[in-house]
Amino acid sequence: MAAALRQGTTVAQEASRLGVELTRIAWGLSDVAPAKGDRRFTDPAWTSNPAFRIIQQTYLASAQALDRIVSQLGEDASGARRSRPGLRSTS
């Protein structure tokens with residue numbers, strides 16, 4: 001029971017944190033950026049086109065939130081080890 005409550009709290013906290021970051025993205029105040037060496041976002045359109053920048057930052061912020069959730073739930077959580085490869089925000 002305590003583990004289920006902890007999971008719900010973790011998800012709620014990360015959802016709130018993501019909501020704040022998405023607001024910052026919408027206002028153009030976010031500093032979310034791809035990791036150095038992330039080749040997926042090398043085209044200048046990702047930074048010069050405001051719509052593409054919002055898409056990029058939203059994707060990266062969401063991926064980071066999911067990665068933090070999996071990390072906080074711990075490697076012993078059911079499925080965490082299987083989930084992690086699918087959550088990688090860099091390729």
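Remember, it's a predicted structure, so these values are computed and weren't measured experimentally.

K.L.:
Is there a simple way to explain the packing of aromatic side chains in this structure?
P.N.:
Each pair of aromatic rings is reported with the distance of its centres and the angle of its planes. Per the stated rule, a full pass over the model turns up 3 aromatic pairs. Relative to Tyr-59, the ring of Phe-41 has its centre 6.4 Å away and its plane inclined at 50°; by these criteria the two rings are tilted. Pair noted here: Phe-41 is in the loop between α1 (2–26) and α2 (45–48) and Tyr-59 is in helix α3 (residues 50–73), with a separation of 18 residues, a long-range link. Summarising the aromatic geometry, the rings of Trp-46 and Phe-52 are spaced 5.6 Å apart at their centres and angled 40° between planes, so their arrangement reads as tilted. For Trp-46, a relative accessible area of 21% corresponds to the partly exposed category. With relative accessibility at 36%, the residue Phe-52 sits in the partly exposed group. In this structure an aromatic cluster arises from ring pairing among Phe-41, Trp-46, Phe-52 and Tyr-59.

Parameters at a glance
- Residues numbered from 1 in each chain as written.
- Predicted model: local features only at pLDDT ≥ 70, side-chain atom pairs only at ≥ 80, totals over all residues.
- Heavy atoms only, no water.
- Phe/Tyr/Trp six-rings, centres within 6.5 Å; stacked < 30°, edge-to-face > 60°.
- Helix = DSSP H or I, 4+ residues; strand = E, 2+ residues; numbered from the N terminus.
- Buried < 20%, exposed > 50% of the residue type's maximum accessible area, 1.4 Å probe, protein only.

Honestly, that's just the spatial picture; any functional story needs more than this.
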